Amino acid sequence: MSEKATLSAKDEKFRDFALHANMWRVVLYVGTPLALYQSLNQLFKIFDSMMAAHIGATSVSAVAYLSQIGLTLSALGGGLAIGSSIKISEAYGAGDFNLVKKRVSSLFAMCGLLGAVILLVLMPAAPQFLKLAKTPESFITEGTQYFRLELIGMVISFFNNVYIAIERARGNSRRILNLNMGVIVIKLSLTAFFVYIMGGGINMISVATIISQIFILAAAIKNLNQKDNAFGLSLHSISLKSAVIVPMLTLSIPVIIEKIAFSLGKVVINSMSTIYSALTVGALGISNNIGGITTMPQNGFQEGGSAIISQNMGAGKPERALKAFGCIFVINVLLGAFLMSLSLIFLGQISRLYAGDNKEFADMIASIYRFEAYGAVPLGINASVLALLYGFGRTKITLAINFCRVFVFRIPVLWYLQNFTKMGSSSVGVVMAVSNICTGLFALIIGIIEIRRVCLEYHLTGSVLQPEAN
């Protein structure tokens, strides 16, 4: 017989805060540290790419290409964490703490099984897998061992993503931020030591990543080692019963497919971009990193917002769930406009940070990003609508949005530009602008339809969307 799960005083206090406090305060309290967390992650990627660029232009392009393949695989663990955490948040809001504990423990067990399968299959078959992904031969030669090391780091990150999702559901956004700052200090210090002092190659960059990921894993083991707490890990609470795992898998599978399709689509774009040059792939990857300056903070509010929305839905408060969406929407649109302007003002300096003395590479980065930047506000709208849909458990619709983003608004457009225009490498930037703007408009239409559905189902008026005054 399993022990009865309870909440700590801190978890009980946050639950009451999320369900009853002014919604602006709740969204800012949860979302701001997560936005900073995502921004620091992006900064961390930028510095990582800059250090790879110190090794050589081919190295930075190999890292950009192989990292995108790694993201396709990490979508398995990331999607499982996102979908399952929605159901954990819902049970938390509903006050079913035994179910919270069972889902937390079972989720970690599923991640362990998934990670073991990936390592057993892909570690020995890495070169063949990279060839299957249409990786340029020069990148396979330089990057096979790097990719194997990235697989190890990725499996560790499966557990870390689950842990971060659980802390997000508990409202421990500041703990997430503090842990991430620790990761960045460890990662950048080690990478700088390996690259600048030891003269190491891209493999040592991956070793630094693994060591930094172990830091969060250790924190997870420490902070979740609470026997009776609803958010504590327990072998006795691992359950394969349908009431525990089926709702998590039902929401997670569309998210996993969505993330794999999105990352796979980016791999296809990278592969299509090689007709210009290998450096175009690197420039596009760097442009995406610069674009992350605006989109990552928006994603922080998306993740925090979906947890708030699902908690309030679990507690039977759909009107508060819609108010949360209103707050997230305003914040993300303003963030997109402000950070887009800032990134364009300093684009020349940012491009040179990556390219060093290679003016042609710097110009290529800038020419691509100038187009990509215009998607910042539409992507803010998209992130807000995704928060709404994730919070309501409508993951099949988020799958449709992100599938269209790549396979309708992106790949066909690039094919057209490559075959019927002479735009050259700038076409990959135009494609990013077209797909991001169309995705934002598509998400806005779906958001309006979804809000109308919720209002009709729960007999609400449109006034619930108006964020509360402070």
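Residues numbered from 1 in each chain as written. Predicted model: local features only at pLDDT ≥ 70, side-chain atom pairs only at ≥ 80, totals over all residues. Heavy atoms only, no water.

Quick rundown of the overall build of the protein? Include the residues and the values.
Of the regular secondary structure elements, the protein holds 17 helices and 0 strands. Its C-alpha atoms give the protein a radius of gyration of 22 Å, near enough to 23 Å, the size a compact globule of 470 residues would have. Judged by the C-alpha coordinates and their principal axes, the protein covers about 60 × 45 × 35 Å. Evaluated residue by residue, the protein yields a buried proportion of 58% over its 470 residues. Across the protein, every contact between residues at least 6 apart in sequence was considered, and the portion connecting residues at least 24 apart equals 84%. A total of about 18900 Å² of accessible surface is found on the protein, and carbon and sulfur atoms cover 67% of it. For the protein, the separation between the mean place of its 36 positive charges and that of its 22 negative charges on side chains is 3 Å. (Helix = DSSP H or I, 4+ residues; strand = E, 2+ residues; numbered from the N terminus. Rg over C-alpha atoms; globule rule 2.2 N^0.38 Å. Buried < 20%, exposed > 50% of the residue type's maximum accessible area, 1.4 Å probe, protein only. Contact = heavy atoms within 4.5 Å. Areas by Shrake-Rupley, 256 points an atom, 1.4 Å probe, with all protein chains shown as cover. Lys, Arg positive; Asp, Glu negative; His and termini not counted. Charge placed at Lys NZ, Arg CZ, Asp CG, Glu CD.)

Tell me about the environment of valine 255, and name the residues and values.
Relative to the helices and strands, valine 255 resides in helix H9 (residues 242–273). The buried category is assigned to valine 255, whose relative accessible area is 0%. Along the backbone, valine 255 and serine 237 are 18 residues apart, and their C-alpha atoms lie at a distance of 25 Å. Discounting chain neighbours no more than four positions away, the residues touching valine 255 are Gly79, Ile82, Tyr390 and Thr395.

Tell me what's going on with the packing of aromatic side chains, and back it up with residues and numbers.
A full pass over the atoms with the stated rule returns 12 aromatic pairs. Judged by centre distance (5.1 Å) and plane angle (85°), the rings of tyrosine 92 and phenylalanine 231 are edge-to-face. Of this pair, tyrosine 92 sits in helix H3 (residues 57–94) while phenylalanine 231 is found in the loop between helix H8 (202–223) and H9, placing the two residues 139 residues apart along the sequence. Relative accessible area serves as the criterion here: at 0%, phenylalanine 231 is assigned to the buried category. When the centroid spacing of 6.2 Å and the interplanar angle of 80° are considered together, the rings of phenylalanine 409 and phenylalanine 442 count as edge-to-face. In this pair, phenylalanine 409 sits in the loop between helix H15 (395–407) and helix H16 (411–420) while phenylalanine 442 sits in helix H17 (residues 426–458), placing the two residues 33 residues apart along the sequence. When its relative accessible area of 25% is taken as the criterion, phenylalanine 442 is described as partly exposed. Pairwise contacts between aromatic rings join Phe14, Phe17 and Tyr29 into one cluster. (Phe/Tyr/Trp six-rings, centres within 6.5 Å; stacked < 30°, edge-to-face > 60°.)

Please set out a nonpolar patch on the surface residue by residue, giving values where relevant.
Residues Leu113, Val117, Leu120 and Val121 make up a contiguous nonpolar surface patch of about 430 Å² in total accessible area. One can find valine 121 in helix H4 (residues 97–122). (Patch = residues over 30% accessible without salt bridge, like charges linked within 9 Å, V, L, I, M, F, W, Y side chains within 5 Å. Salt bridge = Lys/Arg side-chain N within 4 Å of Asp/Glu carboxyl O.)

Hey, could you go over the packing of helix H12 (residues 347–355) against helix H13 (residues 359–372) for me, with residue numbers and the actual values?
Put simply, H12 and H13 touch, their axes get as near as 8 Å, and they point 135° apart. Accordingly, the angle class assigned to the pair H12 and H13 is oblique. H12 and H13 meet at a crossing whose hand is right-handed. Contacts from Leu347, Ser351, Tyr354 and Ala355 in H12 reach Phe361, Ala362, Ile365, Ala366, Tyr369 and Arg370 in H13. Split by residue class, the contact of H12 with H13 holds 8 nonpolar, 1 polar and 1 charged. (Axes fitted to C-alpha atoms, helices over the stretch in contact; angles between N-to-C directions. Parallel < 35°, antiparallel > 145°, perpendicular 65-115°, else oblique. Left-handed = near helix turned anticlockwise from the far one by under 90°. Nonpolar A, V, L, I, M, F, W, Y, C, P; charged D, E, K, R; others polar.)

Please set out H16 residue by residue, giving values where relevant.
Counting along an α-helix, one turn takes 3.6 residues, and residues three or four places apart therefore face a common direction. Among all positions in H16, only Ile411, Leu414 and Leu417 are buried. Considered in projection along H16, the buried side chains sweep an arc of 125° and stay on one side of the axis. On the buried face of H16, the contacting elements are H9, H15 and H17. (Arc of directions from axis to C-beta.)

Which residues make up the environment of aspartate 16, and what are the values?
In this fold, aspartate 16 is placed in helix H1 (residues 9–20). A relative accessible area of 45% places aspartate 16 in the partly exposed class. Measuring from C-alpha to C-alpha, the distance between aspartate 16 and leucine 264 comes to 41 Å, with 248 residues separating the pair along the chain.

Outline the packing of H4 against H9, supporting the account with residue identities and numerical values.
Running from N to C, H4 and H9 point in directions that differ by 65°, and their axes come no closer than 10 Å. When the axes of H4 and H9 are compared, the crossing they make is right-handed. In this structure, H4 uses Leu99, Lys102, Arg103, Ser106, Leu107 and Met110 to contact H9, whose residues at the interface are Ala243, Val244, Ile245, Pro247, Met248 and Leu249. Of the residues belonging to the contact of H4 with H9, the class tally is 9 nonpolar, 1 polar and 2 charged.

If you had to explain the nonpolar core to someone new, which residues and values would you point to?
Counting 100 residues, the largest nonpolar core has Val27, Ile69, Val100, Ile166, Phe231, Leu322 and Phe392 as the members making the most contacts within it. Among the elements that take part in this core, H3 stands out by supplying 13 residues, more than any other. Those residues in contact with isoleucine 69 that sit more than four places away from it in its chain are Phe129, Leu130, Ala133, Thr135, Phe147 and Val267. Core analysis: the second largest hydrophobic core is formed by 31 residues, Leu284, Ile286, Ile368 and Met432 among them. (Core = buried A, V, L, I, M, F, W, Y, C linked by side-chain atoms within 4.5 Å.)

For the pattern of salt bridges, give the residues involved together with the corresponding values.
Per the counting criterion, the structure on display carries 9 salt bridges. A salt bridge links glutamate 90 to lysine 87; the shortest N-O distance between them is 2.9 Å. One end of the pair is glutamate 90 and the other is lysine 87, both in helix H3 and 3 residues apart, which spans about a single turn. On the basis of relative accessible area, glutamate 90 is assigned to the partly exposed category, the value being 28%. Arginine 453 is the partner of glutamate 457 in a salt bridge, and the nearest nitrogen-oxygen pair spans 2.7 Å. One end of the pair, glutamate 457, and the other, arginine 453, are both in helix H17, 4 residues apart, so they sit about a helical turn from each other. Taking relative accessible area as the criterion, glutamate 457 reaches 43% and is therefore assigned partly exposed.

Provide a residue-level description of unusual backbone geometry, including the pertinent values.
Unlike most non-glycine residues, histidine 459 shows phi in positive territory, near 55°. Relative to the assigned elements, histidine 459 resides in the segment after H17. For histidine 459, a relative accessible area of 72% translates into the label exposed.

For the state of the cysteines, give the residues involved together with the corresponding values.
A covalent bond between the sulfur atoms of two cysteines is what we call a disulfide. For the structure on display, the rule yields 0 disulfides. Here cysteine 404 is not disulfide-linked; the sulfur of cysteine 438 is the nearest cysteine sulfur, at 10 Å. A residue is classified by how much of its surface remains accessible, and cysteine 404, at 18% relative accessible area, is buried. (Disulfide = S-S within 2.5 Å.)

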